[in-house]
Amino acid sequence: MRGAVLGAAGAANLKPNIEARQKAAADFAGKLKGNVEGMKARGLTQRQMVAEMSTLGIKTAKGGAWSLIQLQRVISRF
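Each chain carries its own residue numbering, running from 1 in the written order of its sequence. For this predicted model, a pLDDT threshold of at least 70 governs which residues receive local features, and a threshold of 80 or more governs which side-chain atom pairs are given and counted, while totals over whole chains, interfaces and linings are taken from all residues. Values reported for side chains reflect all heavy atoms of the structure, with hydrogen atoms and water molecules removed beforehand.

(A) Focus on helix 2 (residues 46–56). Remark: exposure states derive from per-residue accessible area (1.4 Å probe, protein chains only) relative to the maximum for the residue type, with buried under 20%, exposed over 50%, and partly exposed in between. Here a helix means four or more residues in a row that DSSP labels H or I, a strand means two or more in a row labelled E, and each is numbered from the N terminus. Those residues of helix 2 that fall on the buried side of the exposure criterion are M49, V50, E52 and M53. The buried residues of helix 2 occupy an angular sector of 170° when projected down its axis, which confines them to one face. Relative to its buried face, helix 2 has exposed residues pointing more than 90 degrees away, namely R47 and T55. Contact partners of the buried residues in helix 2: helix 1 (18–41) and helix 3 (68–76). Looking one or two places after helix 2, you find G57, whose phi comes out positive at around 85°. The arc in question is the one traced by the directions running from the helix axis out to the C-beta atoms. Residues are treated as being in contact if the distance between any of their heavy atoms lies within 4.5 Å.

(B) Layout of the pattern of salt bridges. For salt bridges, the criterion is a side-chain nitrogen of Lys or Arg within 4 Å of an Asp or Glu carboxyl oxygen. Taken as a whole and judged by the stated rule, the model has two salt bridges. Its salt-bridge partner being K23, residue D27 comes within 3.0 Å of it at the nearest N-O pair. One end of the pair is D27 and the other is K23, both in helix 1 and four residues apart, which spans about a single turn. Since its relative accessible area comes to 39%, D27 is described here as partly exposed. Judged by relative accessible area, which is 53%, K23 ranks as exposed. One salt bridge connects R42 with E52, and the closest N-O pair in it is separated by 2.7 Å. On the criterion of sequence distance, the pair formed by R42 in the loop between helix 1 and helix 2 and E52 in helix 2 is long-range, its members being 10 residues apart.

Read these as geometric descriptors, not functional statements.
Put into structure tokens, the structure is as follows:
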């Protein structure tokens, strides 16, 4: 069939739980805010913060190891 619309764009096509995921991410960032600000006060770089969080056993939201970009994204939510 020629000229058929193959996909739909717009709000109906977005993932339905995006607000819930954004709220969960903001809540997780809020829990880490004190730790990260303490590390900043000690003068640690972001790479040192990642290493210390791994050493302390602080996991990411999904339970994995930290990467620099994940830390930067959490910091951007403050």
